[in-house]
Amino acid sequence: MEKKLLNSPQHSDENADSVVAEMFLKNALLEFKREKIRKEIDQTLQDGNKELFLKLTEELKKIS
């Protein structure tokens, strides 16, 4: 069985991989939310729903 020390390069690599994976997932989720809001904004423009349009554009500004 292979032993790994806490300060070994393997531990450092695993930690870095976790950080990169977490950043990737957060970015993907944020981009998904942005795209969903953009589609909803497009629909409000087609529907002429000014109130919802303003709400959604503010929400998009907050996450951009």
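All values derive from a computational prediction rather than experimental measurement.

Conventions and cut-offs
Residues numbered from 1 in each chain as written. Predicted model: local features only at pLDDT ≥ 70, side-chain atom pairs only at ≥ 80, totals over all residues. Heavy atoms only, no water. Helix = DSSP H or I, 4+ residues; strand = E, 2+ residues; numbered from the N terminus. Buried < 20%, exposed > 50% of the residue type's maximum accessible area, 1.4 Å probe, protein only. Areas by Shrake-Rupley, 256 points an atom, 1.4 Å probe, with all protein chains shown as cover. Salt bridge = Lys/Arg side-chain N within 4 Å of Asp/Glu carboxyl O. UniProt positions renumbered as here; feature names shortened; annotations may be inferred.

The number of helices and strands found in the protein is two helices and zero strands. Across the 64 residues in the protein, those meeting the buried criterion constitute 12%. As displayed, the protein has an accessible area near 5900 Å², and 58% of this comes from carbon and sulfur atoms.

This model, assessed by the stated rule, comprises six salt bridges. When the shortest N-O distance is used, the salt bridge between Glu22 and Lys26 registers 3.3 Å. With Glu22 and Lys26 both in helix 1 (residues 9-47) and four residues apart, this pair spans about one turn of that helix. A relative accessible area of 55% places Lys26 in the exposed class.

Right, let's talk about the UniProt feature "domain: IDEAL" (unreviewed entry) in the protein for a bit. The positions that UniProt labels "domain: IDEAL" (unreviewed entry) are, in the present scheme, residues 24-60. A helix fraction of 95% and a strand fraction of 0% characterise residues 24-60, whose end C-alpha atoms lie 20 Å from each other.

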